[in-house]
Amino acid sequence: MNLAKELAAIVGADGVLTEAGDLAAYANDSRVEGVPPRAAVLPADIAQVQAIVRWCAARRTPLVPRGAGTGTVGGATPVTAAIVLDLSRLNRILAVDADNRLADVEAGVITGEFQRAMEAQGLFYPPDPASADSSTLGGNAATNAGGLRAVKYGVTADWIAALDVVLADGQSIRAGVRTRKGAMGYDVASLFVGSEGTLGVITGLTVRLLPKPASKETVLGLFAELRLAGEAARQVLRGPVTPAAMELMDATAIAATQGRGGDALPPGRHALLLDVDGQPDAVRAEADVVADILRRSGAEVRRARERAEAELLWSARRSLSQALYNLRPQRSADDVTVPVSRLVELIEGVASLARREEVLQACFGHAGDGNVHVNLLYDPADANEVARVKRARDELFRLTLRLGGTLSGEHGVGLTKRPYLSWEQGPALIDLQQRLKRTLDPLNILNPGKVLP
Amino acid sequence: MSADCPPSPDVSRFAPLDKCVRCGSCRAACPVFDLTRRETDAARGRLARIRRALAAGCWTAADREALSRCLLCGRCADVCKAGVETTALVQAAKEDAGCGDGLIGVVAEALLADDAGLSAAVRRYRRFARWLTRATPEASGLRLRFALPYLEAGRLLPEPPAISYLDRWTGRPAQGGRKIALFLGCGAGRLFAGVGEELDRRLATLGLTAAVPPQACCGLAAWGVGAGQAAVAAAAAWVEAFSGEEWEAVLAPCASCAAHLQRRLPALLARTPLATTAKGLAARVEDAHAWLLREGGRDELAGRRVAVHLPCHARRDVREGRAVIAFLRRSGADVVELPKEQDELCCGMGGSFGARHPRLAQRIGRRKLEALLAAGPELIVTTCSGCLWQLRDLAASLGVATPIAMTSTGRR
């Protein structure tokens, strides 16, 4: 096959997949089904990425960059006979600069492996998406992934000092600085963060690091009413301590984890799970403060006595997305985000819209960021239920916007949020983005059909 | 082997495919993906392949080849948040796609080829193949595990003993007042000297001699390559071999054989007249170290530093597969702890994987061997003959002198 041969000339025969069974593995991300690509290509360095992009440009062939395919909105899902550019082989940690708290990495480094490698050197990479054990740093940057520690440490964007990006014409640029600050020119690196492969291919990152917190304590608050948990989250953030993570889990979500290794969380109540990190003495005192606020907000408070106990709690939290399939065969998983002060209104609104449409729902997520993963659970074979979920989901989006929120806190737009971009953003803003896209990718070969209407 | 074939109409065993939520956690856990970085080499990609083949109504040669690139080590299943038994699905797919069909008889084919113009490596292989056809029963899993690519990758062939343990002791009755039988497995019974003898010594300290009934293969290798009928035949032969007397326990030094017998014997024979007997026997199969530990057996290893390579089957399938560590500790050994990720790493042999994909197998195995050696052991112990063979082969190619053994004294 001509295609395979030409691509093999760039990356070597074992870096090109064109067999139907191989391509089936590249037809989707973790939730959105597309069509098999014409080929999946695995470059091993930036020069190969450039050559592939040039090859695609010359043939007007759409190119879909892919990290680990752990996204949930179809960002890495091919929708036409495209070339999938799988960056998994760019997986080297190139340099760690402890003096300047920076690391240079290739885009395909698995986030969790990077976190562990840094922690082994006494360093700390704070962004912690729930998919960290499989997602990649490049994919995290391309989607501006959030995660569990955003309440204190922010999202991926906050930890990127510079990016290597291959542009649609095959040029490779490095945007950003290796310094604590930088004010030269436009903030071009930021433009590519969250661009979901539509403006360029992120091939490398310089990320910022911190010293690893010496100590951590985990506090669990259990509530009879979800509203109380939401209110408690607000009270914690009004207080003097910023927790490293503050996760909300409603009783439905917790029920889904039972008997699946998630038994660490007691059933029947709603939970707020918090981490406090820092120097040991301070952590103890701060955990006391947090526990006290939770208690005053009506919680029964439990504290993990040792790390293993805390790990069980966090592992239960991380298993939630998957565990929800125990309840119903399918779920809509929207990561709507509101100002923290409106969190209670959001979760109460979700409960009432789900009641109205008679849809089973489960909420969990990053209470500290006002980012709630609203899961509407359904059976795709039940057309009536599918229609009710669709109505409930639209209502959820209207509610989110009324509360001053955004329709995606961390998953991105991809395919499935694309029809809703205009709900949140005005025509002038969308037009500006479309002009940016045309300027950077005039042939429209980079992940076409994603993000922008 | 090259022809396309339709999936069997009964797709019920593929129902667990629907449990996969495609989160991708299996990617980072897979030793093969770790080297190739291909989605299609991780469990999620394999399941996508299976789904496609079932939907298209066709297994292709490419499917068979791709499915053979799985070690069946089970690490993906360990990390799966949705609880998908990926190894069972891949094995079922191999069976359905007819992966095993072309492998049976590979050794015999090698012997039929014309001698002229063969390389020294191929001549060596043919000498070994002659030994295989002479000294192992036709159903032996060893025959599935010495395909030619193995040798072309520059790997060594084990030197078979002149007289194997089973040659010498088959037919020996139990003594000492307890009805204990040994099942050595093909590797320990026929290919690697010393395993059965060491086990005998350990039993002798308890005043016991175990019976050695006539025996062939547990059938794991056939099961693993997807040769379903051969696996059932091996299981039936095994049950017949061990059903002549009422054994208190059947001890297997190889955790992989033991795991296969404990976990799959009843299912493989469920629809045969042997079903009840198989169930009773499977319950009495014991990992030899687990049994010895319970019965107070021990070795003299005071102060010796030992690293343990826990076979995947010992780690996740066999009952009390970790007993070997406690046994070594009770014997006075200083057993080193490996970091979790290294401890869980497969040796890379994976049944026929090592024969089909020798270079990948070597790269995976080298990581494990280096992790074991980094602990500075005087002895490496593993409880599977496939792991033993793999680690010894790699050690020899790296010029490593540390003894590697299935039983604790480290005699080579």
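A brief structural summary.

### Topic: the packing of helix H12 (residues 195-204) of chain B against helix H17 (residues 288-295) of chain B
Residue and element names in this part refer to chain B. Where H12 contacts H17, the two axes come as close as 11 Å, and the packing angle between them is 15°. It follows from the interaxial angle that H12 and H17 lie roughly parallel. Between H12 and H17 lies a crossing whose hand is left-handed. Along the contact surface, H12 presents Leu199, Arg202 and Leu203, while H17 presents Ala288, Trp291 and Leu292. Tallied by class, residues from the contact of H12 with H17 come to five nonpolar, no polar and one charged.

### Some remarks on the nonpolar core
The nonpolar side chains of a soluble globular protein tend to be buried, and buried together. In terms of nonpolar packing, the biggest core is built from 117 residues, with B:Phe146, B:Leu182, B:Phe183, B:Trp238, B:Leu265 and B:Leu328 touching the most fellow members. Formed by 42 residues, the second largest nonpolar core is a distinct cluster that contains A:Ala232, A:Ile293, A:Val301 and A:Ala392.

### Points about the pairing of strand E2 (residues 249-252) of chain B
Every regular strand shows the same layout, with side chains that alternate between the two sheet faces. All names here are of chain B. Along E2, one buried face is formed by Ala249 and Leu251 and the opposite face, lined by Val250 and Ala252, is buried too. As paired elements, strand E1 (residues 180-182) and E2 share three bridges and run parallel to each other. Bridging across to E2, isoleucine 180 finds its partner in alanine 249. As defined by bridge partners, E2 adjoins strand E3 (residues 285-287) across three bridges and the pair is classed as parallel. Looking at E3, one finds that leucine 251 is bridged to glutamate 286.

### Re the interface of chain B and chain A
In this assembly, 25 residues from chain B lie in contact with 37 residues from chain A. Contact with chain A buries area across many residues of chain B, yet B:Arg22, B:Arg37 and B:Lys81 alone supply 31% of it, more than any other trio. Our count for the chain B to chain A interface comes out at six salt bridges. Between A:Asp22 and B:Arg49 there is a salt bridge, and its shortest N-O distance comes to 2.5 Å.

Thresholds, definitions, all that
Residues numbered from 1 in each chain as written. Chains lettered and ligands numbered in written order. Predicted model: local features only at pLDDT ≥ 70, side-chain atom pairs only at ≥ 80, totals over all residues. Heavy atoms only, no water. Axes fitted to C-alpha atoms, helices over the stretch in contact; angles between N-to-C directions. Helix = DSSP H or I, 4+ residues; strand = E, 2+ residues; numbered from the N terminus. Parallel < 35°, antiparallel > 145°, perpendicular 65-115°, else oblique. Left-handed = near helix turned anticlockwise from the far one by under 90°. Contact = heavy atoms within 4.5 Å. Nonpolar A, V, L, I, M, F, W, Y, C, P; charged D, E, K, R; others polar. Core = buried A, V, L, I, M, F, W, Y, C linked by side-chain atoms within 4.5 Å. Buried < 20%, exposed > 50% of the residue type's maximum accessible area, 1.4 Å probe, protein only. Pairing = 2+ DSSP bridges. Buried area = accessible area lost by both parts, 1.4 Å probe. Salt bridge = Lys/Arg side-chain N within 4 Å of Asp/Glu carboxyl O.

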